[in-house]
Amino acid sequence: MKKILYVSLMGVFVAATVVAQTNQTHQPLPKKYASVDIVPASKPTASVMANAAKGTSFWTDDFSAPANWTFDNTSSPNPLDWEIINNINASPVAALNPIGLTSAANGFAFINGDPEGEGSVQNANITSANSIDCSAFSNISLTFEQVSRNFQTTYTVLFSIDGGTTWISVPVNTDLAVNTNTANPGVVNLNVSSIIGNQPNVRIRFNFTANWGWFWAIDNVALIQTPSNDIALLSAYFDEYILIGQDVDFVDVDYIPNMEYSSYRQGQVRPLTFIGEVSNQGSEAQTGVVVTITFTPPSGPAQTWTTTPAAIAVGEIAVLTVPNITPASFAGGGTLGDYAVSFTVTGDQTDAFPSNNGPINKAFSVNTEYMANDRGTAWTTFYPTLGQDVIWGNRFAYEQADDVNFIQFAIISTTQAPTLAGEVVYLNMSSGSVFEDEGPNNVMTRYFAGDEIEYITEEAGFSSVNEVNWITMMLPSTVAVSPGVVYQAELEVPAGGSEYLWMPFSNNQESIASTLYIYYDLSSGPQGWWSLGANVPSLRLGKTSGVGIGEPSDLNFKLGQNYPNPSNGNTRIDWELLVPAKNVQFTISDVTGKTVYAKDLGDRPAGVQEPIELNLNLAAGNYQYGLTIGNERIVRKMVLTK
């Protein structure tokens, strides 16, 4: 697969044929955890802290002396080594400039694979030139500052205890999702006592291996005496998240009904399972380790739960769980609004590095309209479709039987990557898991396969740079959904089509929620689909209903189908505002996306509005009409005859 083309908001647009970076996920998925599950660690587990480690250091290097390091690479087609620089604006990712390493002014280690281009491979080492005597220390941790963005990259720290003849590798940044950034800076902490403790001839190496990778910046490397007590909260989840990489005992169709969502339609909230993944990175066993969860609903008091206390041996990971919790605010289908969930870990012992104990903060909302796993108007990247002949998908499962009558999706436009009028995409909805074989337990249905819902990008609504524009398309007919079934919202870009249509993506969401079908590459899975990992396109399924909660992406207005349809130009359209609205705009566009009729409806109070009565002198054909309020638009089709 090729690299995602990430167009920096401050960068230069590069027109290239590109396909999204994905992870194959037709492999079986891993197990769920019990309330306390201990996972022996075969190698040290890295934690990322907000602040530098405060242990007593016996060796440090801040890259102010380049001669302390050696460089080698097997990168191709061009040789690419690490280098030591002090340019704090060297990051190819604008959001990570200036690079925030605390002593960057006197030099830091840096490798940048981004200019190497599609098809390039990076494999480069930076190695301490001299041996380090660790013979007086049995408990040792390595810490360093870093800044990076991940793309198809393996980050590794290696240690030699024989002067560089043989090496022991330890992966870091294993939870850094594709096209996501580290903190600027982040601090990595590794308990490496089992590797280099009491060794007199130690060398350290950092390896960057990638296919067209972004970059990695490192500074302030130190070996410190590992404190007796150091527990780290590595990750946390508020639903039955399945931790990738563990033993397998169930399949994809079990996974989706239990995953986290960023927003639940009221009535679809479900009992939550709170999970904290905790590592013992100290030199002594830890007792009484608990994860505390603080759950804050939109109104009413916060609730707190604590996991069963656990003892964690040195080097082990404990997955601590509070299962099957129904918060008081979930009564009646869930109180509308925003929810916050905070996780922290504590133990019986006084922790030497409390900065890696949390909090990890997560959030979701409950609304009246839709299920979502995107981040609304917040987005982190986009995939240029460039006529690639693909289908983007997002997957959902419902707790209760319900109906779906619209698909909602978002488009962005930037100065470097404009969304242009007249681009055609097709929307659809399906049921069944695309990552499992079809069969009695996974029945596949594509609801509008013979009559897909066409959307043509319009002149109206895409002039605001970097703004997320939500488009709501009503389905030709209502679809009944059932609990436990996987459903997918789909947006298809046809072959030879949309070179300039851009959908925003957020990341660090639930892994394997989103999908990609590439018509010309059917090498993934039993049905040819790919996973987008933790990257999520802005695609939702929903049903129009009562008053929303006032977020920009809520459906706070309704637009009826014109009557009669088809019409000879005389037609009527009913509409309603569920909340007061300002600057309401009504437009009609033709098959090229050109606006052929516009009416400013002004500021309006809530309620049923007077119908829009039209006497159109337009050519026979198909048209789109819609209401736009803020950054949201409802679109319907209209046919004129003469």
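These numbers were taken from a predicted model, which means no experiment stands behind them.

A.B. asks: How should the overall build of the protein chain be read in this particular structure?
C.D. replies: Scanning the protein chain from N- to C-terminus turns up two helices and 47 strands. Buried residues in the protein chain amount to 55% of all 642 residues. Taking all contacts inside the protein chain whose residues are at least 6 apart in sequence as the whole, residues at least 24 apart take part in 79%. Accessible surface, the protein chain: about 23,600 Å² in total, of which carbon and sulfur atoms supply 50%.

A.B. asks: Before we go on, may I ask you to explain the environment of Arg-633 in this structure?
C.D. replies: Looking at the element boundaries, Arg-633 is found in strand S47 (residues 632-640). Taking the C-alpha atoms as reference points, Arg-633 and Gln-585, 48 residues apart in sequence, are found 9.3 Å from one another. A polar contact of 2.7 Å, which involves the side chain of Arg-633, links it to the side chain of Thr-587. Of note is the side chain of Arg-633, whose polar atom sits 3.3 Å from the backbone oxygen of Gly-626.

A.B. asks: I would appreciate a short explanation of the environment of Val-481 in the present structure.
C.D. replies: Here Val-481 is to be found in strand S32 (residues 469-481). With residues near it in sequence (within four places) discarded, Val-481 still touches Tyr-398, Ala-401, Asp-402, Asp-403, Val-404, Met-429 and Tyr-487.

A.B. asks: I'm lost on the packing of aromatic side chains in this one. Help?
C.D. replies: To describe a pair of aromatic rings, you give the distance between the ring centres and the angle between the ring planes. Following the criterion strictly, the structure yields 32 aromatic pairs and no others. Each ring, one from Phe-274 and one from Trp-305, has its centre 5.3 Å from the other, and the planes form 25°; the classification is stacked. One end of the pair, Phe-274, is in strand S18 (residues 272-280); the other, Trp-305, is in strand S20 (residues 303-306), with 31 residues separating them in the sequence. Here the two residues Phe-274 and Trp-305 agree in accessibility, since each one is buried. On the numbers, 5.6 Å between centres and 45° between planes, the contact of Phe-295 with Tyr-339 is tilted.

A.B. asks: When you look at the layout of surface pockets in this model, what are you seeing that I'm missing?
C.D. replies: Over the atoms rolls a probe the size of a water molecule, and its path tells where empty space is left. Of the voids in this model, the second largest pocket is the one considered here, and its volume is about 380 Å³. The wall of the second largest pocket is formed by 22 residues, among which Ile-453, Glu-454, Met-473, Arg-636 and Lys-637 lie closest to the centre. Of all the secondary-structure elements, those providing two or more residues to the lining of the second largest pocket are strand S31 (453-456), S32, strand S46 (621-629) and S47. In terms of residues, the lining of the second largest pocket owes the most to one element, S47, which gives five residues. When its residues are assigned to classes, the lining of the second largest pocket shows eleven nonpolar, five polar and six charged.

A.B. asks: Is there a simple way to explain the pattern of salt bridges in this structure?
C.D. replies: Pairing between side chains of opposite charge can happen when their charged atoms approach one another. Enumeration over the complete set of coordinates arrives at eleven salt bridges. The salt bridge partner of Arg-270 is Glu-399, with a shortest N-O separation of 3.9 Å. Here Arg-270, found in the loop between strand S17 (263-265) and S18, pairs with Glu-399, found in the loop between strand S27 (388-396) and strand S28 (402-411); they are 129 residues apart in sequence, far enough to count as distant. Among the residues examined, Arg-270 registers a relative accessible area of 4% and is labelled buried. In this structure, Asp-574 and Arg-572 form a salt bridge, with 3.1 Å as the shortest nitrogen-oxygen distance.

A.B. asks: Explain the sheet that holds strand S38 (residues 539-542) here, please?
C.D. replies: Strand pairing in a sheet relies on backbone hydrogen bonds, with the paired strands running either antiparallel or parallel. Ordered in space as S25-S38-S28-S32-S47-S46-S42-S43, the eight strands form an open sheet in which the pairing is mixed. Both outer strands of the open sheet, strand S25 (370-371) and strand S43 (595-604), are each paired with one neighbouring strand and no more. Relative to S38, S25 is paired through two bridges, and the arrangement is antiparallel. The partner of Tyr-370 across the bridge, within S38, is Gly-542.

A.B. asks: I tried to follow the nonpolar core on my own but got confused; where do I start?
C.D. replies: Considering soluble globular proteins, one finds that nonpolar side chains tend to be buried as a cluster. Residues Phe-274 and Phe-364 are the most contacted members of the largest nonpolar core, which totals 74 residues. In terms of residue count, S32 provides more of this core than any other element does, five residues in total. Not counting residues up to four positions away in its chain, the partners in contact with Phe-274 are Tyr-237, Phe-238, Ile-293, Phe-295, Trp-305, Leu-320, Thr-321, Val-322, Ile-325, Val-341 and Phe-343. Listed in part, the 35 residues of the second largest apolar core include Phe-63, Val-170, Leu-190 and Phe-208.

A.B. asks: How should I be thinking about the sheet that holds strand S44 (residues 607-608) in this particular structure?
C.D. replies: Strand order across the open sheet formed by three strands is S39-S41-S44, with antiparallel pairing between neighbours. Either end of the sheet is taken by a strand with one partner, and the two such strands are strand S39 (557-559) and S44. When strand S41 (residues 575-577) meets S44, the two strands line up antiparallel, connected through two bridges. The partner of Glu-576 across the bridge, within S44, is Val-608.

A.B. asks: I keep staring at the side chain of Asp-402 and nothing clicks. Help me out?
C.D. replies: Position of Asp-402 relative to the elements: it lies in strand S28. For Asp-402, the side chain forms a polar contact with the side chain of Arg-265, separated by 2.7 Å. The residues touching Asp-402, leaving out its near neighbours within four places in the chain, are Arg-265, Gln-268, Val-479, Ala-480, Val-481 and Lys-543.

A.B. asks: Got a minute to help me understand the pairing of strand S29 (residues 424-431) in this structure?
C.D. replies: Along any regular strand the residues' side chains alternate between the sheet's two faces. Burial analysis of S29 places six of its eight residues in the buried class, which makes it a mostly covered element. Sheet topology note: the S29/S31 ladder contains four bridges and is antiparallel. Residue pairing in the sheet places Leu-427 in a bridge with Ile-453 of S31. Bridging between S29 and strand S30 (residues 445-446) involves two bridges; their strand directions are antiparallel. Each bridged residue has a counterpart across the sheet, and for Ser-431 the counterpart in S30 is Thr-445.

Calculation rules
- Residues numbered from 1 in each chain as written.
- Predicted model: local features only at pLDDT ≥ 70, side-chain atom pairs only at ≥ 80, totals over all residues.
- Heavy atoms only, no water.
- Helix = DSSP H or I, 4+ residues; strand = E, 2+ residues; numbered from the N terminus.
- Buried < 20%, exposed > 50% of the residue type's maximum accessible area, 1.4 Å probe, protein only.
- Contact = heavy atoms within 4.5 Å.
- Areas by Shrake-Rupley, 256 points an atom, 1.4 Å probe, with all protein chains shown as cover.
- Polar contact = N/O pair within 3.5 Å; in protein donor to acceptor, adjacent residues only side chain to side chain.
- Phe/Tyr/Trp six-rings, centres within 6.5 Å; stacked < 30°, edge-to-face > 60°.
- 1 Å grid on protein atoms, 1.4 Å probe; cavity = no way out; pocket = protein on both sides within 12 Å on 5 of 7 lines; lining within 4 Å.
- Points joined across faces, edges and corners; volume = space filled by probe spheres on them.
- Nonpolar A, V, L, I, M, F, W, Y, C, P; charged D, E, K, R; others polar.
- Salt bridge = Lys/Arg side-chain N within 4 Å of Asp/Glu carboxyl O.
- Pairing = 2+ DSSP bridges.
- Core = buried A, V, L, I, M, F, W, Y, C linked by side-chain atoms within 4.5 Å.

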